[in-house]
Amino acid sequence: AQKVTQAQTEISVVEKEDVTLDCVYETRDTTYYLFWYKQPPSGELVFLIRRNSFDEQNEISGRYSWNFQKSTSSFNFTITASQVVDSAVYFCALSPWGTNAGKSTFGDGTTLTVKP
Amino acid sequence: KAGVTQTPRYLIKTRGQQVTLSCSPISGHRSVSWYQQTPGQGLQFLFEYFSETQRNKGNFPGRFSGRQFSNSRSEMNVSTLELGDSALYLCASSLVALGGGELFFGEGSRLTVL
């Protein structure tokens, strides 16, 4: 069984602060994918980043960066210099490889509020 | 490029009724999955269809069913509605058949059961 835990229910920061969203996952699969999605107040979930289980290289894309550590089963997401428009609910998700790929498991989400 | 379209956007039903929700995926996407989103339970996986076949199923009672048509459009049905079925139902489509593809979500159908 797969499980995704986002321990932070709500985070509040002031604009321009850096913020890290934590994600811990459980899976017995050796091949899998991890994702972060953003759900703004308008409601539509939008894909942000993806990582496969064989690629632990951490990357930076604009103000976004992520830290994937297989040894601790963590896939943390950082927003640098946060902006008010970053206010949203962020979901971490885990998807297996193969015919079960369509069965994604989501964390409960972290509500980020960025205050001006 | 048109996104994932879900209809209706809002609906109100009473207990015991049934409801059918529709989802049109992005053109070319053959995988369509459905999720139930509630404040207390987050996003819960309902089922996934690929090439008109249910490929994966979540832990929901048999009152929840779905199907996919040859054009990849999908419908989900909930029979004998209960108050607890009130939720936002999200449809997502994906291009990649065996994994790694991100999900493209629709805006959802918000169901209220009275």
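Here is a short report on the structure shown in this document. Every value quoted in this text rests on a predicted model; they were computed, and no experiment measured them.

Criteria and thresholds
- The residue count restarts for each chain, going from 1 along the sequence in the order it is written.
- Throughout, the order in which chains and ligands are written sets their labels, letters from A for the former and numbers from 1 for the latter.
- Where local features are concerned, this predicted model is filtered to residues with pLDDT of at least 70; where side-chain atom pairs are given and counted, the filter is 80 or more; whole-chain, interface and lining totals use all residues.
- Side-chain descriptors were evaluated using all non-hydrogen atoms of the structure, hydrogens and water having been removed beforehand.
- Should DSSP find at least two bridges between two strands, the strands are taken to pair.
- Helix and strand definitions here come from DSSP, where helices need a minimum of 4 consecutive H or I residues and strands a minimum of 2 consecutive E residues; each element is numbered from the N-terminal end.
- What makes two residues a contact is simply this: any of their non-hydrogen atoms within 4.5 Å.
- By convention in these notes, a salt bridge is any Lys or Arg side-chain nitrogen within 4 Å of a carboxyl oxygen on Asp or Glu.
- For this analysis, a polar contact is any N or O atom pair within 3.5 Å, provided that within protein one partner can donate a hydrogen and the other can accept it, and provided that sequence-adjacent residues contribute only side-chain to side-chain pairs.
- The nonpolar class holds Ala, Val, Leu, Ile, Met, Phe, Trp, Tyr, Cys and Pro. Asp, Glu, Lys and Arg form the charged class, and all remaining residues, Gly among them, are polar.
- Buried residues are those whose accessible area, probed at 1.4 Å on protein chains only, stays under 20% of the maximum for their type, while exposed residues exceed 50% and partly exposed ones sit between those limits.
- Residues grouped as a nonpolar core are buried Ala, Val, Leu, Ile, Met, Phe, Trp, Tyr and Cys residues, joined through side-chain atoms within 4.5 Å.
- Whenever a pair of cysteine sulfur atoms sits within 2.5 Å, that pair is classed as a disulfide.
- Aromatic pairing here means that ring centres of Phe, Tyr or Trp (its six-membered ring) are within 6.5 Å. Orientation follows from the plane angle: under 30 degrees is stacked, over 60 is edge-to-face, and everything else is tilted.
- For a Lys NZ or an Arg CZ to count as sitting over a ring, it must be within 6 Å of the ring centre and within 35 degrees of the ring normal.

**Overview of the pairing of strand β7 (residues 64–68) of chain B**
Residues and elements named next belong to chain B. Note: β7 against strand β8 (residues 74–78), five bridges, orientation antiparallel. Across the sheet, the residue bridging to Gln68 is Ser74, located in β8. Joining the antiparallel neighbours β7 and β8 is a turn of five residues, in which Ser72 adopts a positive phi near 75 degrees.

**Some remarks on the interface of chain B and chain A**
Size of an interface, as often reported, equals the accessible area lost when the parts are brought together. Tallying the contact residues gives 23 residues for chain B and 20 residues for chain A. At the junction of chain B with chain A, the criterion picks out one salt bridge. In this structure, the connection of chain B to chain A is made through eight residue pairs in polar contact (both at pLDDT 80 or more). Those elements that provide at least two residues to the side of chain B that touches chain A are β4 (31–38), β5 (42–50), β6 (53–57) and β9 (87–94) of chain B. No other element matches the four residues that β5(B) contributes to the side of chain B that touches chain A. Looking at the side of chain B that touches chain A residue by residue, the class counts come to nine nonpolar, nine polar and five charged.

**Looking at the pattern of salt bridges**
One pass over the full model with this rule turns up nine salt bridges over all chains. For the salt bridge of Arg50(A) with Glu102(B), the shortest nitrogen-to-oxygen distance reads 2.6 Å. In this pair, Arg50(A) sits in strand β6 (residues 46–52) while Glu102(B) sits in the loop between β9 and β10 (104–105), so the two residues belong to two different chains. We classify Arg50(A) as partly exposed; its relative accessible area is 30%. The shortest N-O distance in the salt bridge between Arg73(B) and Glu75(B) comes to 3.3 Å. On the basis of relative accessibility, which here comes to 24%, the residue Arg73(B) falls in the partly exposed class. Residues participating in the shared-partner salt-bridge network are Arg63(B), Glu82(B) and Asp85(B).

**Some details on the nonpolar core**
Judged by nonpolar contacts, the single largest core of 24 residues is most densely connected at Trp36(A), Phe75(A), Phe77(A), Tyr90(A) and Leu112(A). If you look at the next biggest cluster of nonpolar residues, it comprises 21 residues, including Trp34(B), Phe47(B), Tyr49(B) and Val113(B).

**What about the state of the cysteines?**
This model, assessed by the stated rule, comprises two disulfides over all chains. Two residues, Cys23(A) and Cys92(A), share a disulfide whose sulfurs are 2.0 Å apart. Its S-S torsion of about -65 degrees marks the bond between Cys23(A) and Cys92(A) as left-handed, since a negative value means left-handed. Placement of Cys23(A) in the loop between β3 (19–21) and β4 (24–26) and of Cys92(A) in strand β10 (residues 88–96) is noted, with a sequence separation of 69 residues between them. The pair formed by Cys23(A) and Cys92(A) is uniform in burial state, with each residue classed as buried. With a sulfur-sulfur separation of 1.8 Å, Cys23(B) is cross-linked through a disulfide to Cys91(B). In this structure the cystine formed by Cys23(B) and Cys91(B) twists about its S-S bond by roughly -60 degrees; its chirality is therefore left-handed.

**Thoughts on the packing of aromatic side chains**
Note on aromatic pairs: each is described by the distance of the centres and the angle between the planes. Applying the stated criterion to the full structure yields 20 aromatic pairs over all chains. Ring centres 5.3 Å apart and planes at 80 degrees place the aromatic pair Phe106(A) and Tyr35(B) in the edge-to-face group. One end of the pair, Phe106(A), is in strand β11 (residues 105–106); the other, Tyr35(B), is in strand β4, on a second chain. Under the relative-accessibility criterion, Phe106(A) is labelled buried at 7%. Ring pairing ties together the aromatic residues Tyr33(A), Phe35(A), Tyr37(A), Phe47(A), Phe91(A), Trp97(A), Phe106(A), Tyr35(B), Phe45(B) and Phe105(B), which thus form one cluster. Of note, Lys70(A) hangs over the ring of Phe54(A), and the distance from its end group to the ring centre comes to 5.0 Å. Above the ring of Phe50(B), the side-chain terminus of Arg55(B) is found at 4.4 Å from the ring centroid.

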